[in-house]
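Reading the structure
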Amino acid sequence: MFSKVLVANRGEIAIRVMRALEELGIASVAVYSEADRDAPHVRRADEAYLLGPGPAAESYLVVEKILEVAKQSGAEAIHPGYGFLAENAPFARACEEAGIVFIGPPADAIDAMGSKTKARELMQAAGVPIVPGTTDPVETVEDARKIIDDSIGYPVAIKAAGGGGGKGFRVALSEDELQDAFEGAAREGEKFFSDATVYIERYLPDPRHVEVQVLADSHGNVVHLYERDCSVQRRHQKVIEEAPAPAVDPELRARIGKIGTDAARAVGYRSAGTIEGLLQDGEYYFLEMNTRVQVEHCVTEMVTGVDIVREQILVASGAELSFAQEDVEIRGHAIECRINAEDASMNFAPAPGQIGAYREPSGPFVRVDSGAETGYAVLPLYDPMIAKLIIWDVDRESSTRRMLRALSEFELQGIKTLIPFHAALLKTDEWANGETCRNLMEDREWLKATAPEKVEAPAGGDEDEPKVERDYAVEVSGRKFDVKVIGAAFGGGSANGAAAGGARKAPKRAERKKSAGGGPDQIESPLQGNMWKVVVKQGDVVEEGQLLCIIEAMKMENEITAHKAGTIAALPIEEGKPISAGDPIATITSAPAES
Ligand code: MV4
């Protein structure tokens, strides 16, 4: 077994992995960016090393630097978490070449599933049902038209071969939409994955997203841990997940479980993985495989009692899986709500800022996996998911009630989060009836009604009492050490500035943008990224909630909507240009334009 493991990630998943390591008696090594010096995952580890500047491309994605830290610290293995380098085959290979174990699947399995056309071909050959459509790339719109006429029929989904998770996904309901859909999917594929190749699937009108958790060791054992339902999504981002799936009966459960293990075997899989699929009218179709531990693995842990991350670490060290398929039983029902720093009432706009008071729910069968805490600054640099609330109860109805109770206990002030949205959604008939809630997720009026209560300013926590004893972090040659300074007051109560660094500045923004006459006119970028699309012009009259522009950041499209009704008086943005958090996007004056 390993004695020390590096966790190449941040936030809740880094802490989740460190907990598993500690329980196995393994020391943990954190890595962090300059923006994350004060982050909880850094303090949770036994050792921590600086990678570089805040942007992930200069820190959490720098392969050479991470391998260097692994060697320097003496870590024998690297756990990548999810996102960042988790599904990066060259990284997995680089670990191997450096003599460091990658806690994940073989690089070849990542590659095989990374190309969606190749994956479809492999799955078809292995007898795994795929959504009807092409397994070869489709070169031109003309080819697409012919293939659809000859075999698939409308409506169709056009998807980027390098894509996944909904990126580069377009729908053509009829032939007149085909060209736009084809070109849109190809353009996005090129932009995000440097691969304009697309393929075509029959478009299923109201499927459920059902996925199977699998685990495999290096001794040929492959098991599944049954399914999760993740149908509640927004712009292809899951927001609520549950296990077991409400629309799956025991016969179907056995069938899709076998599909999961067949798919994993077909690519020589090892470690934890997920087969994502669509369920429509009792038919299950393979969509793609995620070759990593997923955000929502926790609901499966709650209903099966299997610690998925622990098993991942054990099988990476060469151990056999600690249980067999017949040992896996589902008990009760689990739900996970993603606690994102987003405003659902404003089209799920990112809402970074500093958290004021923070208190997690607890009580029976409540689990919180969080990367946040009191005073934590949610940075626009990273994913807005700051915590997950997971609960278990005997059945779906009790679970829903327990989740509502836990959500109401969750105290998280200073920023907007999805907490009020989750509470509203779990109270709907659609949720109670086990529907996909697709209409609700698109219903702007309903979403607006889930608006968070007015955000309170963070409690005056920055005015610390003078202390004679204080904890500081110092960096020596790029390695972080915690030191205790005793008897030095550093200018009394205002010592906070020195320790807090630049990360604590965010909430000032809300005050700054207020203009004299009522609400603020100016809307500012909540995140750093690239201006992807500008859909309004200066002088346009817009309604509150109307789409203004789309900012691409971290491979996600973020829709920025009008914060109020009025006329666009200024629009200092341009497509294709980079934009920073706090940069002005538009000035909207309340009075309609004089005519
Ligand atoms: C589809 C689909 C319908 N037909 N593919 C792909 C990525 C994932 N996030 C959702 N994806 C879909 N792929 C075909 N051929 C519909 C979706 C879809 C979806 C599916 C189940 C539940 C919620 C969904 C929300 C948006 C899109």
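Preceding block: the structure.
What counts as what
Residues numbered from 1 in each chain as written. Predicted model: local features only at pLDDT ≥ 70, side-chain atom pairs only at ≥ 80, totals over all residues. Heavy atoms only, no water. Helix = DSSP H or I, 4+ residues; strand = E, 2+ residues; numbered from the N terminus. Buried < 20%, exposed > 50% of the residue type's maximum accessible area, 1.4 Å probe, protein only. Contact = heavy atoms within 4.5 Å. Pairing = 2+ DSSP bridges. Axes fitted to C-alpha atoms, helices over the stretch in contact; angles between N-to-C directions. Near = heavy atom within 4 Å. Polar contact = N/O pair within 3.5 Å; in protein donor to acceptor, adjacent residues only side chain to side chain. Areas by Shrake-Rupley, 256 points an atom, 1.4 Å probe, with all protein chains shown as cover. Nonpolar A, V, L, I, M, F, W, Y, C, P; charged D, E, K, R; others polar.

**Points about the environment of valine 299**
When you line up the elements, valine 299 lands in helix H10 (residues 297-304). Residue class for valine 299 comes out buried when judged on its relative accessible area of 0%. Once the C-alpha coordinates of valine 299 and glutamate 409 are considered, the two residues, 110 residues apart in sequence, prove to be 20 Å apart. Residue contacts for valine 299: discarding those within four places in its chain leaves Arg228, Glu241, Glu242, Ala243, Ala334, Ile335, Glu336 and Ile390.

**Considering the sheet that holds strand S6 (residues 156-164)**
Strand pairing in a sheet relies on backbone hydrogen bonds, with the paired strands running either antiparallel or parallel. With antiparallel pairing, three strands are arranged side by side in an open sheet as S7-S6-S8. Each edge of the open sheet carries a strand with a single partner, namely strand S7 (167-172) and strand S8 (198-202). Across this sheet, the average inter-strand angle for adjacent strands is 25 degrees, counted without regard to direction. As paired strands, S6 and S8 are joined by five bridges and run antiparallel to one another. Note on S8: the bridge partner recorded for alanine 157 is glutamate 201.

**Regarding unusual backbone geometry**
Here tyrosine 154 and proline 155 are connected by a cis peptide whose omega angle stands at -5 degrees. Among the secondary structure elements, proline 155 is positioned in the loop between helix H7 (141-152) and S6. A cis amide bond links alanine 243 to the next residue, proline 244, at an omega of -5 degrees. Relative to the helices and strands, proline 244 is located in the loop between strand S11 (237-243) and helix H9 (250-266). Backbone geometry at asparagine 347 places phi at a positive 60 degrees, although glycine is not the residue there.

**Re the site of the ligand**
Near the ligand there are 18 residues, and of these Lys159, Glu201, Arg202, Leu204 and Arg438 occur at the shortest range. Here glutamate 201 contributes a side-chain N or O atom positioned 2.9 Å from a nitrogen atom of the ligand. If the ligand stood free it would expose 540 Å²; the protein chains cover 92% of that surface. Counting residues per element, the ones that place at least two in the shell around the ligand are S6, S8, strand S9 (208-216) and strand S10 (222-234). Residues that form the shell around the ligand fall into these classes: seven nonpolar, six polar and five charged.

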